[in-house]
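Spelled out from the first residue to the last, the chains are:
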Amino acid sequence: MNTINKQSGVAFKLKKGQKLRVIDPQGEQVSDMVLFNANDILEKISSGKTLDFEENILITAGNFLWSNRGNRMMEILEDTNGRNDFLLAPCSPETFKIMYNIDDYHPSCFENLHTSLAPFGIKSDDIPTAFNIFMNVQFDQNGRLKVLPPLSKAGDYLLFEAQMDLIIALTACSAEDSNGGTFKPIHYEIL
């Protein structure tokens, strides 16, 4: 079992056919995940292609995560929580300035993704919209978005299977609203 400390991130490789379990050990903690083709980092996870090809904005068990080139990157085999987000971008310094009115330094998922992925030659401008595991984004009949605390309980997890060789980055999200005002670790294991 591996631990991602609160408000931090990691990156690693996963071979085609390997499985990845992402666990919320304490409950109500989001994890941002981005994927890149390990053999060509220009191919990366795409929220637009995924929502289009899966014909749903609620991505869960039985769905695939698709690339910008229309290839399957991961299959979600199990999801004990059932609520994830693929609409909102990783929190960034701009997020905290514009949405939280914080001008001082604040840890962010974007920074944690970029820092973790830099050793793989992935630049900040290459980071796509993340698949936000456990994130509870609600929307009303007019399309207005609202971020609520995650519904995940301690021990909830998603189990993924790689459909190609991947570089994966995961965070323990740094945005207050996304995590019910607290920050906790995320666990993951490669099976």
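These numbers were taken from a predicted model, which means no experiment stands behind them.

Peer 1: So what exactly am I meant to see when it comes to the packing of aromatic side chains here?
Peer 2: Each aromatic ring pair is described using two quantities: the centre-to-centre distance and the angle formed by the ring planes. Summed over the entire model, instances satisfying the criterion amount to six aromatic pairs. On the basis of an interplanar angle of 80° and a centroid distance of 4.9 Å, the ring pair of phenylalanine 53 and tryptophan 66 is categorised as edge-to-face. Taken as a pair, phenylalanine 53 in helix H1 (residues 47-54) and tryptophan 66 in strand S6 (residues 64-66) lie far apart in primary sequence, 13 residues in all. Ring geometry for phenylalanine 86 versus phenylalanine 131: centroids 5.3 Å apart, planes at 75°, classification edge-to-face. One end of the pair, phenylalanine 86, is in the loop between strand S7 (72-79) and helix H2 (93-98); the other, phenylalanine 131, is in strand S8 (residues 131-133), with 45 residues separating them in the sequence. Of the two residues, phenylalanine 86 and phenylalanine 131, neither departs from the other in class, the shared state being buried. Here a set of aromatic residues connected by ring pairs shows up, and it is made of Phe53, Phe64 and Trp66. The side chain of arginine 21 reaches across the aromatic face of tyrosine 157, ending 4.7 Å from its centre. Across from the ring centre of phenylalanine 64, 3.8 Å away, lies the NZ or CZ of arginine 72, which sits over that ring.

Peer 1: Help me out: how do you make sense of the layout of surface pockets in this one?
Peer 2: Any space left empty among the atoms is revealed by the rolling of a water-sized probe across them. Of the volumes computed, that of the largest pocket is approximately 340 Å³. In terms of lining residues, the largest pocket is bounded by 17 residues, among which Leu88, Met99, Met135, Val147 and Ser178 are the most central. The element that contributes the greatest number of residues to the lining of the largest pocket is strand S10 (residues 145-148), accounting for three residues. Tallied by class, the residues present in the lining of the largest pocket amount to eleven nonpolar, three polar and three charged.

The rules behind these values
- Residues numbered from 1 in each chain as written.
- Predicted model: local features only at pLDDT ≥ 70, side-chain atom pairs only at ≥ 80, totals over all residues.
- Heavy atoms only, no water.
- Phe/Tyr/Trp six-rings, centres within 6.5 Å; stacked < 30°, edge-to-face > 60°.
- Helix = DSSP H or I, 4+ residues; strand = E, 2+ residues; numbered from the N terminus.
- Buried < 20%, exposed > 50% of the residue type's maximum accessible area, 1.4 Å probe, protein only.
- Lys NZ or Arg CZ within 6 Å of the ring centre and 35° of its normal.
- 1 Å grid on protein atoms, 1.4 Å probe; cavity = no way out; pocket = protein on both sides within 12 Å on 5 of 7 lines; lining within 4 Å.
- Points joined across faces, edges and corners; volume = space filled by probe spheres on them.
- Nonpolar A, V, L, I, M, F, W, Y, C, P; charged D, E, K, R; others polar.

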